[in-house]
Amino acid sequence: MVGSIEAKSLQSNGSVHHNGLNLEEKLDEFRRLLGKSDKDPLRIVSVGAGAWGSVFAALLQESYGSFRDKFQIRIWRRAGRAVDRATAEHLFEVINSREDILRRLIRRCAYLKYVEARLGDRTLYADEILKDGFCLNMVDTPLCPLKVVTNLQEAVWDADIVVNGLPSTETREVFEEISKYWKERITVPIIISLSKGIETSLEPVPHIITPTKMIHQATGVHIDNVLYLGGPNIAAEIYNKEYANARICGAEKWRKPLAKFLRQPHFIVWDNSDLVTHEVMGGLKNVYAIGAGMVAALTKESATSKSVYFAHCTSEMIFITHLLAQEPEKLAGPLLADTYVTLLKGRNAWYGQMLAKGEINRDMGDSISGKGMIQGVSAVGAFYQLLSQSSLSILTSEEKKPIAPVESCPILKTLYKILITREQSTQAILQALRDETLNDPRDRIEIAQSHAFYRPSLLGQP
């Protein structure tokens, strides 16, 4: 049981241990690897203050923040985002329901501003409340206080590690700006991307661009120093110490020491070399989570309908990854668990549910108050655009006719028509489950596995 796991224990000398490992020793070991001197702290910045980026920063702050001479972490978010009155009222309720949070704010002389905001006498701002531990996208889960910086240059110029907590749709633009501040750098930073999503480019040939590739292109930082971290986790639950795991993927030079440095008793981090599959799956799971939410709402949470959807969508995900990777990591273990939890619970699944129930509509856009960016919407468009290219044609199993890959992905096609062209209603997702070809989802997987399917050009490779 989660509650029985010992998160941390204090030894007689006052140092914090995790599973017998002294945190300060673990920090010192990683600092030595980076060549840090005794008086030069390890500097980490989280760029972007969504739910996962904020929680990731808070976890590191709680683990290593007490070693102030050796460790510093800050989080960047844009200034000027006002907190609306309804959110301010709810935030006030959250504060007063938690005695520990209430006492903390009173000690910091920060409580009065929340009273004034509740009364409508002042406006709170997202960067302001984040300093007190409140992420605008998950105010129900108060975090520890964080050092917040709104000037991007100040945040990143001397950072040893930069955590990308931005949506994929904002990653390139922000890191292009960051690159301007790194022109005089001598040391090369490590970048850990939490972002899930892709861009599609049709020139010179159709290919996808993942967030790690965007960062590499925007900054010139060698791809070996750009890693991806993902896993089956919900941000608020991770912060509440529910047992979870994740994988950090990329070059061996950094993924192994980072896995050790990031690992906590309730948050186990493994390392993996297959950056492509994990990052692509990170984008695909958000695509299919929207459909999962629609199916759940339209069928009143029918377990049978949801399981049929799961079988079809996972076969499409496997089909797509075989186009993009020569020997993709199997959809099993943490990869399958990550897909499962995202389809079960997360902002993309919630978005699909709310659309199907008519409680929100597409005209409201992809950035929803209290939830943040719904990254699955842009990913639907990107994957559809890529897989509909005739130059990528595959042969059907029976007629041996050339078809665009997207023709073998009925759920992806339907989501595109619902979310992007808006020519179909959410009800269409149920029709997509009724495969008129009567093909077993396994057939789609066998097609992908038995043909010379891999297209290195899809990753921009020759």
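Here the structure is shown first, and the text comes after it.
Residues numbered from 1 in each chain as written. Predicted model: local features only at pLDDT ≥ 70, side-chain atom pairs only at ≥ 80, totals over all residues. Heavy atoms only, no water.

(A) Seen up close, the overall build of the protein. Of the regular secondary structure elements, the protein holds 19 helices and 17 strands. What you see for the protein is a C-alpha radius of gyration of 23 Å, in line with the 23 Å of a compact globule of 462 residues. Dimensions of the protein, computed from C-alpha atoms along their principal axes, come out at roughly 70 × 50 × 45 Å. For the protein, buried positions account for 56% of its 462 residues. Counted over contacts in the protein with a minimum sequence separation of 6, partners at least 24 positions apart contribute 70%. As displayed, the protein has an accessible area near 20,700 Å², and 49% of this comes from carbon and sulfur atoms. With 55 positive and 54 negative side-chain charges, the protein shows a spacing of 3 Å between the two charge centroids. (Helix = DSSP H or I, 4+ residues; strand = E, 2+ residues; numbered from the N terminus. Rg over C-alpha atoms; globule rule 2.2 N^0.38 Å. Buried < 20%, exposed > 50% of the residue type's maximum accessible area, 1.4 Å probe, protein only. Contact = heavy atoms within 4.5 Å. Areas by Shrake-Rupley, 256 points an atom, 1.4 Å probe, with all protein chains shown as cover. Lys, Arg positive; Asp, Glu negative; His and termini not counted. Charge placed at Lys NZ, Arg CZ, Asp CG, Glu CD.)

(B) View of helix α4 (residues 99–107). Regarding α4, the residues found buried are Ile-101, Arg-104 and Leu-105. Looking straight down α4, one finds that the buried residues subtend no more than 95° of arc, so they occupy a single side. With respect to the buried face of α4, the exposed residues turned more than 90 degrees away are Glu-99, Arg-103, Ile-106 and Arg-107. Buried residues along α4 sit against α3 (85–97) and α5 (111–118). (Arc of directions from axis to C-beta.)

(C) Broad picture of the pairing of strand β7 (residues 161–164). Alternating positions in β7 separate into two faces, Ile-161 and Val-163 on one and Val-162 and Asn-164 on the other, with burial throughout. As paired elements, strand β4 (residues 42–47) and β7 share four bridges and run parallel to each other. Residue pairing across strands places Ser-46 opposite Val-163, the latter belonging to β7. Relative to strand β8 (residues 190–193), β7 is paired through four bridges, and the arrangement is parallel. Paired with Ile-161 across the two strands is Ile-190, which belongs to β8. As a crossover connection, the stretch from β7 through helix α8 (residues 168–181) into β8 is right-handed. (Pairing = 2+ DSSP bridges. Right-handed = clockwise from strand over helix to strand, strands pointing away.)

(D) Representation of the nonpolar core in the model. If you look at the biggest cluster of nonpolar residues, it comprises 58 residues, and the most contacted ones within it are Tyr-288, Tyr-309, Ile-320 and Leu-412. Of all elements in the fold, only α12 (275–298), α13 (303–324), α14 (333–344), α15 (347–357), α16 (375–387), α17 (410–419), α18 (428–433) and α19 (441–450) reach the threshold of two or more residues within this core. Among the elements that take part in this core, α12 stands out by supplying eleven residues, more than any other. Ala-51, Ile-161, Val-163 and Leu-194 belong to the second-largest nonpolar core, a separate cluster that totals 47 residues. (Core = buried A, V, L, I, M, F, W, Y, C linked by side-chain atoms within 4.5 Å.)

(E) Summary view of the side chain of Thr-171. The residue Thr-171 is located in helix α8 in this model. Owing to a relative accessible area of 0%, Thr-171 belongs among the buried residues under this scheme. Leave out the neighbours within four places in its chain, and Thr-171 touches Asn-164, Leu-166, Ser-195, Pro-211, Met-214 and Ile-215.

(F) View of the environment of Phe-383. Here Phe-383 is to be found in helix α16. Residue classification places Phe-383 among the buried positions, given a relative accessible area of 0%.

(G) Main features of the pairing of strand β11 (residues 226–230). With five of its five residues buried, β11 lies for the most part within the structure. Of the two faces of β11, the one lined by Val-226, Tyr-228 and Gly-230 and the one lined by Leu-227 and Leu-229 are each fully buried. Where β8 and β11 come together, three bridges link them in parallel fashion. Bridge pairing in β11 links Ile-192 to Leu-227. The pairing of β11 with strand β12 (residues 244–249) spans three bridges and is classified as antiparallel. Looking across to β12, one finds that Gly-230 is bridged to Arg-247.

(H) Inspection of the environment of Lys-357 at higher detail. Along the polypeptide, Lys-357 turns up in helix α15. Its relative accessible area of 48% is what places Lys-357 among the partly exposed residues.

(I) Local environment of the packing of aromatic side chains. Under the defined criterion, the tally for this structure stands at eight aromatic pairs. Seen in terms of ring centroids, Tyr-64 and Phe-261 are 4.6 Å apart; in terms of plane orientation they differ by 5°. Their pairing is stacked. Of this pair, Tyr-64 sits in helix α2 (residues 51–64) while Phe-261 sits in helix α11 (residues 252–262), and the two are 197 residues apart along the sequence. No difference in accessibility class separates Tyr-64 from Phe-261, as the two residues are buried. Geometrically, the ring pair formed by Tyr-384 and Tyr-416 is stacked, given 3.6 Å between the ring centres and 10° between the ring planes. One end of the pair, Tyr-384, is in helix α16; the other, Tyr-416, is in helix α17, and 32 residues separate them in sequence. Three or more aromatic residues joined by ring pairs form one cluster here, namely Phe-30, Tyr-64, Phe-71 and Phe-261. Sitting over the face of the ring of Trp-182, Arg-185 holds its NZ or CZ atom 5.4 Å from the ring centroid. The positively charged end of Lys-371 is found above the aromatic ring belonging to Trp-350, 5.0 Å away from the centroid. (Phe/Tyr/Trp six-rings, centres within 6.5 Å; stacked < 30°, edge-to-face > 60°. Lys NZ or Arg CZ within 6 Å of the ring centre and 35° of its normal.)

Function cannot be inferred from these measures alone, as they are strictly geometric.
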